[in-house]
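Below are the chains, spelled out letter by letter.
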Amino acid sequence: MHLGDGVVHGGQLVGHEHAQGQALAEKYGYQWRQDATGRQADILVNVTPIGMSGGVEENSLAFEKEAVNAARWVFDVVAFPSETPLIRLAKQLGKPVVTGAEVIALQALEQFALYTGVRPDEQLMREASAFSRL
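About the thresholds
- Residues numbered from 1 in each chain as written.
- Predicted model: local features only at pLDDT ≥ 70, side-chain atom pairs only at ≥ 80, totals over all residues.
- Heavy atoms only, no water.
- Helix = DSSP H or I, 4+ residues; strand = E, 2+ residues; numbered from the N terminus.
- Buried < 20%, exposed > 50% of the residue type's maximum accessible area, 1.4 Å probe, protein only.
- Lys, Arg positive; Asp, Glu negative; His and termini not counted.
- Salt bridge = Lys/Arg side-chain N within 4 Å of Asp/Glu carboxyl O.
- Polar contact = N/O pair within 3.5 Å; in protein donor to acceptor, adjacent residues only side chain to side chain.
- Contact = heavy atoms within 4.5 Å.
- Pairing = 2+ DSSP bridges.
- Right-handed = clockwise from strand over helix to strand, strands pointing away.
- pLDDT = per-residue confidence, 0-100.
- Core = buried A, V, L, I, M, F, W, Y, C linked by side-chain atoms within 4.5 Å.

### What about the side chain of D76?
Now for step 1: Summarising the element assignment, D76 is placed in strand β5 (residues 73-76).
Now for step 2: No salt bridge is formed by the buried D76; the nearest opposite charge belongs to R88, separated by 9.0 Å.
Now for step 3: At 2.9 Å, the side chain of D76 and the side chain of N46 are in polar contact.
Now for step 4: In this structure the side chain of D76 is engaged in a polar contact, spanning 3.1 Å, whose partner is the backbone nitrogen of V78.
Now for step 5: In this structure, D76 is in contact with N46, T84, L86, I87, V98, T99 and G100, ignoring residues within four places of it in sequence.

### Structural notes on the pairing of β5
Now for step 1: Of the two faces of β5, only the one carrying V74 and D76 is buried; W73 and F75 on the other face are not.
Now for step 2: Taken together, the four bridges between strand β4 (residues 43-46) and β5 define a ladder with parallel strand orientation. Within the sheet, the bridge partner assigned to L44 lies in β5 and is V74.
Now for step 3: Each parallel crossover has a hand, and the one from β4 via helix α2 (residues 65-70) to β5 is right-handed.
Now for step 4: Chirality of the crossover, the property in question, places the unit of β5, helix α3 (residues 85-92) and strand β6 (residues 97-98) among those that are right-handed.

### Brief notes about unusual backbone geometry
Now for step 1: A cis geometry characterises the amide bond from F80 onward to P81, with omega recorded as 5°.
Now for step 2: Along the chain, P81 falls in the loop between β5 and α3.

### A closer look at the confidence of the model for the chain
Atom-level detail of predicted coordinates should not be read off regions where pLDDT is low.
Now for step 1: For the chain, per-residue confidence averages 84 on the pLDDT scale, and residues scoring 70 or more make up 86% of the total.
Now for step 2: Mean pLDDT values for the elements of the chain range from 49 in strand β1 (residues 5-9) up to 97 in α3.

### Here we look at the environment of E26
Now for step 1: One can find E26 in helix α1 (residues 18-27).
Now for step 2: Sequence separation between E26 and L13 is 13 residues; the distance between their C-alpha atoms is 9.5 Å.

### Some details on the nonpolar core
Now for step 1: The biggest cluster of nonpolar side chains holds twelve residues, and these are L44, I50, A62, F63, V68, A71, V74, L86, I87, L89, A90 and V97.
Now for step 2: Ranked by residues supplied to this core, first place goes to α3 with four residues.

### Here's the deal with the side chain of N46
Now for step 1: With respect to the helices and strands, the residue N46 is situated in strand β4.
Now for step 2: There is a polar contact of 2.6 Å between the side chain of N46 and the side chain of T48.

So, in structure tokens, the structure goes:
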């Protein structure tokens with residue numbers, strides 16, 4: 001289900017897409033809100049193309065700086081580039097991050113394990129992920 005960008009805070013899910021956001025919140029037992037103003041998020045998640053290389057918003061932030069600063073973690077599923085404006089800002093603010101490139105690497109690892117029955121170790125996964133971005 002596409003939510004757009006969103007945050008989950010203390011039993012609340014915040015997202016711009018009303019119908020999808022409310023349905024997702026209800027499915028997992030959260031309350032839904034359309035606006036995160038004044039809220040601190042445990043995890044701030046961007047699942048939009050904002051920040052994607054070659055896109056019209058490749059140099060834009062998916063969230064205001066205040067929201068990023070207030071978050072505990074920042075998660076951006078945009079994979080190219082790995083260092084989106086959102087990820088760069090979060091790192092500058094000292095926030096732990098999960099990048100889209102990491103998500104792709106984890107998906108590839110799971111596919112490899114399902115196809116072959118072999119699960120590469122974490123170090124090999126990191127090396128393969130780094131190599132894939134050369």
